[in-house]
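So the chains spell out like this:
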Amino acid sequence: MTGFSAQWLALREPADHRARDRALQDRICEQLATVARTEQRAVRLIDLGCGSGSNLRALATALPAQQHWTLVDYDPLLLTAARTALVSWADQVVSDSPLLTLRKNDKTIAIEFAQVDLARDIERVLTWPADAITAAAFFDLVAESWLVRFCKALRTTLYTVLTYDGFEQWLPTHAADAAMLNAFHAHQKTDKGFGIAAGPEAATIMQRELSACGFQVDLAPSPWQIDQTEAPLIQALATGSAAAVRETGLLTAQEVEQWLPARITAHHCTVGHWDILAIPKR
Ligand SMILES: C[S@@+](CC[C@H](N)C(=O)[O-])C[C@H]1O[C@@H](n2cnc3c(N)ncnc32)[C@H](O)[C@@H]1O
């Protein structure tokens with residue numbers, strides 16, 4: 001397992017939510033509002049690699065009043081953390097079984113949790129009923145061959161946010177920034193359980209494969225903009241990058257140790273991402 005901690009996901013959640021491209025988000029919400037209005041039923045979403053449920057918390061209040069979400073992850077600890085975080089985020093728990101049903105503002109949100117290894121079973125998950133497949137900070141983990149499988153099996157709208165694009169700028173700059181970023185990219189392209197990860201290439205591959213499979217594909221940038229008002233996030237990012245770079249062995253331990261304190265005190269950090277909306281043309 002890649003081992004994302006609920007603490008790390010909670011730390012990044014405000015930056016994630018701020019970064020999302022509003023225009024693409026409005027379009028998926030309008031599309032799902034049309035489904036709800038014309039079919040008079042709850043809209044159904046499947047969130048891949050849900051972690052502790054951040055994507056649901058970002059989207060649900062902008063979606064139609066009746067929603068059914070299936071949150072998918074292979075990590076049972078994160079699925080438990082998602083349930084706990086969603087219950088404390090909600091205004092009210094309507095029922096706890098068989099589905100967790102929450103009220104938030106004027107929305108009624110029924111939630112199923114599914115423990116699935118998406119590296120193995122993505123085709124099965126994509127046969128489940130859904131008006132949209134969603135994901136956040138997930139697709140840069142997967143391999144190009146998996147993306148090809150995914151795009152071939154996808155039958156409905158895909159809305160995915162925060163796929164890392166490889167751009168980083170830390171201010172003030174440091175002499176080792178470029179070498180550190182190169183090494184970090186090398187680490188991004190290691191196996192995260194799906195084969196060699198696409199990392200920063202993921203969005204380009206998705207655009208190509210989804211277009212080839214008959215989807216209208218739109219991308220929009222969604223960079224993190226972080227300053228020292230979120231010092232713990234900058235510190236975690238810098239420490240995480242340093243650890244990844246150490247694993248590659250591409251820089252000496254001394255070079256990494258010199259870079260790290262400068263980055264922890266950086267006054268601003270931009271990290272590039274793409275949001276993607278893909279709608280079947282037929
Ligand atoms: C960067 S985290 C993002 C979590 C969440 N979407 C968010 O935005 O906070 C990536 C997520 O993908 C999940 N994941 C990684 N490999 C997986 C696999 N093979 N099957 C299912 N989930 C996986 C991880 O457990 C983790 O929750």
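Residues numbered from 1 in each chain as written. Predicted model: local features only at pLDDT ≥ 70, side-chain atom pairs only at ≥ 80, totals over all residues. Heavy atoms only, no water.

On to the overall build of the protein, then. Looking only at helices and strands, one finds 10 helices and 10 strands in the protein. Taking 2.2 N^0.38 as the reference for a compact globule, 282 residues should give roughly 19 Å; the C-alpha atoms of the protein span a radius of gyration of 19 Å, in line with that estimate. Projected onto the principal axes, the alpha-carbon positions of the protein cover approximately 60 × 40 × 35 Å. Here the protein, with 282 residues, has 52% of them falling under the buried criterion. Sequence-distant contacts, at least 24 apart, represent 77% of the contacts inside the protein between residues at least 6 apart. Within the structure as shown, the protein displays about 12,300 Å² of accessible surface, and the carbon and sulfur contribution to it stands at 55%. (Helix = DSSP H or I, 4+ residues; strand = E, 2+ residues; numbered from the N terminus. Rg over C-alpha atoms; globule rule 2.2 N^0.38 Å. Buried < 20%, exposed > 50% of the residue type's maximum accessible area, 1.4 Å probe, protein only. Contact = heavy atoms within 4.5 Å. Areas by Shrake-Rupley, 256 points an atom, 1.4 Å probe, with all protein chains shown as cover.)

Here we take up the site of the ligand. Around the ligand sit 20 residues in total, of which G49, D73, D117, L118 and A136 are the nearest. Here a nitrogen atom of the ligand sits 2.9 Å away from a polar atom, N or O, in the main chain of A136. Compared with its free state, where it exposes 590 Å², the ligand has 99% of that area covered by protein. (Near = heavy atom within 4 Å. Polar contact = N/O pair within 3.5 Å; in protein donor to acceptor, adjacent residues only side chain to side chain.)

This part is about the nonpolar core. In this structure, L56, W69, W89, I111 and W224 are the most contacted members of the largest nonpolar core, which totals 55 residues. Broken down by element, the residue count for this core peaks at seven residues, all from helix α9 (residues 231-248). The residues touching W224, leaving out its near neighbours within four places in the chain, are W8, R12, A15, D16, A19, L162, L237, C269, T270, V271 and H273. Core analysis: the second largest hydrophobic core is formed by 35 residues, I46, I122, V125 and L126 among them. (Core = buried A, V, L, I, M, F, W, Y, C linked by side-chain atoms within 4.5 Å.)

Another point: helix α2 (residues 22-39). With 18 residues, α2 extends 26 Å between its outermost C-alpha atoms, agreeing within 8% with the 26 Å of an ideal straight helix rising 1.5 Å per residue. If you check which residues of α2 are buried, you get L24, Q25, I28, C29, L32, V35 and A36. Around the axis of α2, the buried residues are gathered within 135 degrees of arc, so they sit on the same side. Relative to its buried face, α2 has exposed residues pointing more than 90 degrees away, namely E30, R37 and T38. Buried residues belonging to α2 abut β1 (43-48), α3 (54-59), β6 (132-136), β7 (157-171), β8 (215-221) and β10 (268-280). The N-cap of α2, judged by a side-chain oxygen 3.2 Å from the amide nitrogen of A23 a few residues on, is D21. Positive backbone phi, at 50 degrees, marks Q40, one or two positions downstream of α2. (Expected span 1.5 Å × (residues − 1). Arc of directions from axis to C-beta.)

By secondary structure assignment, the location of H185 is in helix α7 (residues 177-188). Here G166 takes part through its backbone oxygen, which lies 2.9 Å from a polar atom of the side chain of H185. If we ignore the near neighbours within four places in the chain, the residues touching H185 are Y164, G166 and P200.

What follows covers the packing of helix α5 (residues 118-125) against helix α6 (residues 144-153). Interaxial distance between α5 and α6 falls to 9 Å at its minimum, and their mutual angle equals 10 degrees. With respect to each other, α5 and α6 are oriented roughly parallel. In contact with L118, A119, R120, I122 and E123 of α5, α6 contributes W146, R149, F150 and A153. In the contact of α5 with α6, the residues fall into six nonpolar, no polar and three charged. (Axes fitted to C-alpha atoms, helices over the stretch in contact; angles between N-to-C directions. Parallel < 35°, antiparallel > 145°, perpendicular 65-115°, else oblique. Nonpolar A, V, L, I, M, F, W, Y, C, P; charged D, E, K, R; others polar.)

Summed over all chains, the structure comprises 17 salt bridges. A salt bridge links R208 to E144; the nearest nitrogen and oxygen atoms lie 2.8 Å apart. Here the residue R208 occupies a position in helix α8 (residues 202-212), and E144 occupies one in helix α6, the gap between them amounting to 64 residues. On the basis of relative accessible area, R208 is assigned to the partly exposed category, the value being 44%. (Salt bridge = Lys/Arg side-chain N within 4 Å of Asp/Glu carboxyl O.)

Position of P172 relative to the elements: it lies in the loop between β7 and α7. Leaving out residues up to four positions away in the same chain, P172 has contacts with R263, A266 and H267.

As a further point, take the pairing of β6. Summarising burial for β6: five of the five residues are buried, a large majority. Neither face of β6 is open: one carries A132, T134 and A136, the other I133 and A135, and all of them are buried. Pairing analysis gives four bridges linking β1 to β6, with the strands arranged parallel. In the strand pairing of β6, L48 is matched with A135. Sheet topology note: the β6/β7 ladder contains five bridges and is parallel. Looking across to β7, one finds that A132 is bridged to T157. (Pairing = 2+ DSSP bridges.)

Any functional reading would require information that these geometric values do not contain.
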